[in-house]
Amino acid sequence: MTEQNAPEMAENEYDVAAIQEKWLPVWDELRPFDSGKAGDTRPKKYVLDMFPYPSGDLHMGHAEAYALGDVISRYWVQKGFNVMHPIGWDSFGLPAENAAIKRGLDPKGWTYDNIAQQKSSMRRYACSFDWDRVLVTSDPIYYRWNQWLFLEFYNKGLAYRKNSNVNWCPSCQTVLANEQVVQGLCERCDSVVTKKALTQWYFKVTDYADRLLDDLDTLEGNWPSKVLSMQRNWIGRSHGADVQFEIEGRTEPVTVFTTRPDTLFGATFMVVAADSALAAELAADSNPEVQKAFTNYLEMVKQSNDIERLATDRPKTGVDLGRFAINPVNGEKLPIWASDYVLADYGHGAIMAVPAHDQRDFEFAKAMNLPIRTVVDVKDEAGISIDPATGDAPTTAAGTLINSGPLNGLGKLEAIDKIATILEADGKGNKTKNFRLRDWLISRQRYWGTPIPIIHCNNCGEVPVPADQLPVLLPSAEGLDLKPKGTSPLGGATDWVNVDCPKCGIPAKRDTDTMDTFVDSSWYFLRFLSPNSTEVAFPVGEAKAWAPVDQYVGGVTHAILHLLYARFVTKVLHDLGYLDFEEPFTRLLNQGMVLMGGSAMSKSRGNLVALSEQLDEHGVDAVRLTMSFAGPPEEDIDWADVSPAGSAKFLARAWRAANDVKSAPGLSPVGGNAELRKATHSFLRDFGPLIENFKFNVGVAKIMELVNALRKAIDGAAGGADPAVREAAETVAKALSLFAPYTAEDMWQKLGHQPGVALAKLAEADLSLLVESSIVAIAQVDGKVRDKFEVPVDITEDALRELALASDAVKKAIGDKEVANVIVRAPKLVNIATK
RNA sequence: GCCUCCAUAGCCCAAUGGCAGAGGCAGACGACUUAAAAUCGUCAAAGUGUGGGUUCGAGUCCCACUGGAGGCACCA
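Residues numbered from 1 in each chain as written. Chains lettered and ligands numbered in written order. Predicted model: local features only at pLDDT ≥ 70, side-chain atom pairs only at ≥ 80, totals over all residues. Heavy atoms only, no water.

Let us look at the pattern of salt bridges. Within the structure shown, the criterion is met by 40 salt bridges. R123 is the partner of D28 in a salt bridge, and the nearest nitrogen-oxygen pair spans 2.9 Å. Residue D28 is located in helix 2 (residues 16-30), and its partner R123 is located in helix 5 (residues 107-124); the two are separated by 95 residues in the primary sequence. The class for D28 is partly exposed, based on a relative accessible area of 38%. Relative accessible area serves as the criterion here: at 30%, R123 is assigned to the partly exposed category. For R373, the salt bridge goes to E332, with nearest N and O atoms at 2.9 Å. Here R373, found in the loop between helix 13 (359-368) and strand 16 (376-379), pairs with E332, found in the loop between strand 13 (319-326) and strand 14 (333-339); they are 41 residues apart in sequence, far enough to count as distant. Here R373 falls in the partly exposed class, since its relative accessible area comes to 25%. (Salt bridge = Lys/Arg side-chain N within 4 Å of Asp/Glu carboxyl O. Helix = DSSP H or I, 4+ residues; strand = E, 2+ residues; numbered from the N terminus. Buried < 20%, exposed > 50% of the residue type's maximum accessible area, 1.4 Å probe, protein only.)

In the vicinity of RNA strand B, 47 residues are found, and the nearest of them are T259, R360, R436, K788 and N831. Between R656 and RNA strand B, the recorded distance is 3.0 Å, taken from a side-chain N or O atom to a sugar or linking oxygen. At 3.0 Å from a base nitrogen of RNA strand B is found a side-chain nitrogen or oxygen belonging to Q780. Here the surface near RNA strand B takes six residues from helix 24 (residues 696-715), the largest share from any one element. Taken together, the residues that form the surface near RNA strand B break down as 20 nonpolar, 10 polar and 17 charged. (Near = heavy atom within 4 Å. Polar contact = N/O pair within 3.5 Å; in protein donor to acceptor, adjacent residues only side chain to side chain. Nonpolar A, V, L, I, M, F, W, Y, C, P; charged D, E, K, R; others polar.)

Turning to the packing of helix 2 against helix 26 (residues 741-750), a few remarks are in order. Their axes nearest at 10 Å, the elements helix 2 and helix 26 cross at an angle of 85 degrees. Our classification of the angle between helix 2 and helix 26 gives roughly perpendicular. Contact residues: I19, Q20, K22, W23, L24 and W27 in helix 2; P741, Y742, T743, E745, D746 and Q749 in helix 26. (Axes fitted to C-alpha atoms, helices over the stretch in contact; angles between N-to-C directions. Parallel < 35°, antiparallel > 145°, perpendicular 65-115°, else oblique. Contact = heavy atoms within 4.5 Å.)

What follows deals with a positive patch on the surface. A cluster of basic residues, K784, R786, K812 and K817, forms a positive patch on the protein surface. In this structure, K812 sits in helix 28 (residues 808-814). (Patch = residues over 30% accessible without salt bridge, like charges linked within 9 Å, V, L, I, M, F, W, Y side chains within 5 Å. Areas by Shrake-Rupley, 256 points an atom, 1.4 Å probe, with all protein chains shown as cover. Lys, Arg positive; Asp, Glu negative; His and termini not counted. Charge placed at Lys NZ, Arg CZ, Asp CG, Glu CD.)

Another point: the sheet that holds strand 23 (residues 461-464). Sheet architecture is open: four strands sit in the order 23-22-25-24, paired in antiparallel fashion. Where the open sheet ends on each side, the last strands, each with one partner, are strand 23 and strand 24 (498-500). Neighbouring strand axes in the sheet, compared pairwise and without regard to direction, differ in orientation by 40 degrees on average. As paired strands, strand 22 (residues 454-457) and strand 25 (residues 507-510) are joined by two bridges and run antiparallel to one another. From the neighbouring strand, H456 faces strand 25, where its bridge partner is K509. Contacts from helix 6 (residues 140-155) reach strand 22 and strand 23, with the element oriented near 130 degrees to strand 23. (Pairing = 2+ DSSP bridges.)

Glancing now at unusual backbone geometry. Residue P471 is bonded to the preceding L470 through a cis peptide linkage, with omega at 0 degrees. Within the element layout of this structure, P471 appears in the loop between strand 23 and helix 15 (494-497). Omega for the bond connecting A826 with P827 falls within 30 degrees of zero, at 0 degrees, which places this linkage in the cis form. The topology assignment puts P827 in the loop between strand 34 (819-825) and strand 35 (829-834). Non-glycine residue Q173 carries a positive phi angle of around 55 degrees. One can find Q173 in the loop between strand 5 (159-169) and strand 6 (174-176).

Over the atoms rolls a probe the size of a water molecule, and in doing so it shows where empty space is left. Taken as a whole and assessed by the stated rule, the structure comprises four cavities of 30 Å³ or more. Size it by volume and the largest cavity reaches roughly 60 Å³. Surrounding the largest cavity, W27, L30, P32, F33, R74, S737, P741, E745, G756, V757 and A758 form its lining. Counting only elements with at least two residues in the lining of the largest cavity, the list comes to helix 2 and helix 26. Here the residues of the lining of the largest cavity sort into seven nonpolar, two polar and two charged. (1 Å grid on protein atoms, 1.4 Å probe; cavity = no way out; pocket = protein on both sides within 12 Å on 5 of 7 lines; lining within 4 Å. Points joined across faces, edges and corners; volume = space filled by probe spheres on them.)

Moving on to the sheet that holds strand 1 (residues 44-49). Taken in spatial order, the four strands line up as 2-1-27-28 in an open sheet, and their pairing is parallel. Every interior strand has two partners, whereas the edge strands, strand 2 (82-84) and strand 28 (588-591), have only one. Neighbour-to-neighbour, the strand axes of the sheet open up by a mean angle of 20 degrees, direction not taken into account. Here strand 1 pairs with strand 2 via three bridges, running parallel. Within the sheet, the bridge partner assigned to K44 lies in strand 2 and is N82.

For the rest of this paragraph, the subject is the pairing of strand 9 (residues 194-203). Here strand 5 runs beside strand 9; their pairing, made up of 10 bridges, is antiparallel. Its bridge partner being in strand 9, Y160 is matched across the sheet by Y202.

What follows deals with the confidence of the model for chain A. Across chain A, the average pLDDT comes to 92, with 98% of residues at 70 or higher. In the predicted structure, residues 1-10 sits below a pLDDT of 50 and forms zero contacts with residues beyond four places in sequence or in another chain. Prediction confidence for the complex, expressed as pTM and ipTM, is 0.93 and 0.96 respectively. (pLDDT = per-residue confidence, 0-100.)

Before going further, it helps to spend a moment on the pairing of strand 33 (residues 784-792). In this sheet, strand 33 lies alongside strand 32 (residues 774-781) in antiparallel orientation, the contact comprising eight bridges. Opposite I778, over in strand 33, you have K788 as the bridge partner. Hairpin connection, strand 32 to strand 33: the antiparallel pair is bridged by two residues, and D782 has positive phi, about 55 degrees.

Structurally, the position occupied by P755 is in the loop between helix 26 and strand 32. Separated by 10 residues in sequence, P755 and E745 have C-alpha atoms that sit 6.6 Å apart. What P755 contacts, discounting residues up to four positions off in sequence, is W23, V26, L30 and E745.

Here the structure, examined in full by the defined rule, presents 37 aromatic pairs. With 5.9 Å between their ring centres and 65 degrees between their planes, Y154 and W201 make a pair best called edge-to-face. Residue Y154 is located in helix 6, and its partner W201 is located in strand 9; the two are separated by 47 residues in the primary sequence. W201 shares its class with Y154; the two are buried. Each residue in the set F150, F153, Y154, W201, F203, Y208, W440, F518, Y565 and F568 is aromatic and connected to the rest through ring pairs, giving one cluster. The lysine or arginine in question, K45, covers the ring of W76, its NZ or CZ lying 4.1 Å from the ring centre. Between K316 and the ring centre of Y341, over which it is positioned, the NZ or CZ distance is 5.4 Å. (Phe/Tyr/Trp six-rings, centres within 6.5 Å; stacked < 30°, edge-to-face > 60°. Lys NZ or Arg CZ within 6 Å of the ring centre and 35° of its normal.)

This part covers the nonpolar core. F150, W440 and F568 are the most contacted members of the largest nonpolar core, which has 92 residues in total. With nine residues, the top contributor of residues to this core is helix 6. When neighbours within four sequence positions are excluded, W440 is seen to be in contact with A177, W201, Y202, F203, V205, D516, F518, V519, S522, Y565, F568 and V569. With 87 residues, the next largest nonpolar core counts M60, C127, A622 and A657 among its residues. (Core = buried A, V, L, I, M, F, W, Y, C linked by side-chain atoms within 4.5 Å.)

Next up, the structure:
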């Protein structure tokens, strides 16, 4: 190498680090992704990535999510849309608080340091965010509106306080929503969740259960079916009937819910949830031995946790309460038992037990030696009636009703209808439905969250903080004991807690709980419309123009937590007149996880891959491209299986091709190398639909294909000056800008253009270039290819049939078999079926 | 126990019911080089987890099974 050609070498070298340095400041100037410019007439589109929790720097999971979200967002920008693609931080929550306790710091400092770091990483990662629309949920300007939301719910009767047995994490020392208990463990820290009787705040999500379930149908096709089925499972609607049983020695009847009212004649006992008020009352009015046995049993039940309860092979336990219920259809006396297999907070906390036709009731009857009466005749494979009373299992299938008075001879559905009619006529019951979904417990006994804007007054009770006194600012953490102790740390901020009642003026106290952070994230997508407004949570008019979110991108881990809550809050805001739509996210893409060596990355497993190291080693573009190219976006990526180095190699190859273009910009491609033009325009035809259908990996493969064709043309007959070469190279640069913005921008400059490849539209495919005059037709015999011939594209069916039948190879394959049928699909195929 | 989803070259993955291969990784060979790297090029490699069925024709649709991933679960 001589000194003279050294600078030229640098010019022809793909230098990842230099390119990254070069373009960031240019883009800062150019701001191609602003969405709030006045007079912007482009059609609007709202693309949203789930916002991160600032628990440290960005990791590989973020890198995947934001790479994929960026492909979609940049695609629509390139198509000429005014795309709103904002970002923010879900910055309240336990990790900040725990980290702060560990280090003796204010959670605020830890949180905002992490936000700054993530923000800088996102800029380097070249995310196409609109940096004018940023929100941070722990900013008072945000959580003031969180408090507004709470009060809207409160005033509508959708936020309320009640005392009940709640999920309690002994490690986090706070309550958990049902959705935050996974397999009996705390979602956050994996501690075994226990139950505790506490007064807590709830959002009445159950009021919306039907709509939350039914409206999932409107998302069909636009949301992953997996998420739809998870939500359906979670809401868990079952249809059945309420039936009222008189209780001996009690004025009020007890109502039970059953999905099998047809089996009412087979009820042989009743079971009430051991931990319910009803059980305690029935026991209290019973004889002393029962009282004692019940107290002992209840003690045992309280000590068991969800893990034990979930064990399916757990033997049935219970206590006979010495009381009796009267079967409303036949007047039979049914003994009442208390057991923990009946849940206090589902249905009415009491069931009618039909051991012949329910697995759990059957097990209980066997354990307690209670009678079993068959009322549904179910036949086995041999056609012989099965009798659970003498067998070892209940029958749960449909069958003909027996031993059931007026229901005898009916099938299941007819029997259900008839018994419902009978019960309704007597005022003893009615058809109804029940949900697995419970109300959303939103209060937390922790510091780092939105204070609940309620004041408790001895005179007035719960008093909402007046709007003009919002926000209720979180008191400084200084001097507060943040360590979890079961009551909110805010209770220690005496000056803050003690206030005068806004209604009557006497000394009162603030509510010291904070809100579940899922409240913060349940409506944040609306706040991006005016992240800095001090007047409104979000402007109703802007919401009409931008919302709902056209495309939401995020992990499947939020399938039932965040996505269900956001749907619920949207429906409430709709009903309050703030929104004209009922579903927040029109289209949803769930990206998979990034694994390493077959399992999720974790420090303890020792398979953590640091994003920053990957970026340093391969460059931003190569990492982003690898995320898109690895496979379908919803599948997990095993980092051990993919090749960021290969991606970098490809990017360099594409970049070099642009460097080899020897014509001036603005050159018409007409008359250029025909083969390359064909490759370019078949790419242009295929690319858009692939991206719109999330087939990013295939889209990248198509770009690679085009780069290969481009290389061949440059090195071959066409040469670097051919107009088709320029056309192909510009197409590559534009398409590549969705995946590898730095490389694409640099290519764009090499091709002689001003910065801003992100805004350069891809050309429409010229389909006339793709018209072929002839095509290779195949001739099959019994589905196997036997011959091929080149035919005109407009060949008639008859002509193609003749051609195929005349082929020697076809004749040989037919042999002496008789031709049964000849299928012709001109011009591509003939299939000859023999007998 | 109930409900989803997945299975294609050594690996990651393509394939409107119509010739199993678009693309990549790894591999072999060649060109360039004193040599290597880089680059450019050429090649090899599976009959689609198993067994049935529908069809003129099945990787694709249906059923069963095996293996893997996920959700719900004492919810009456």
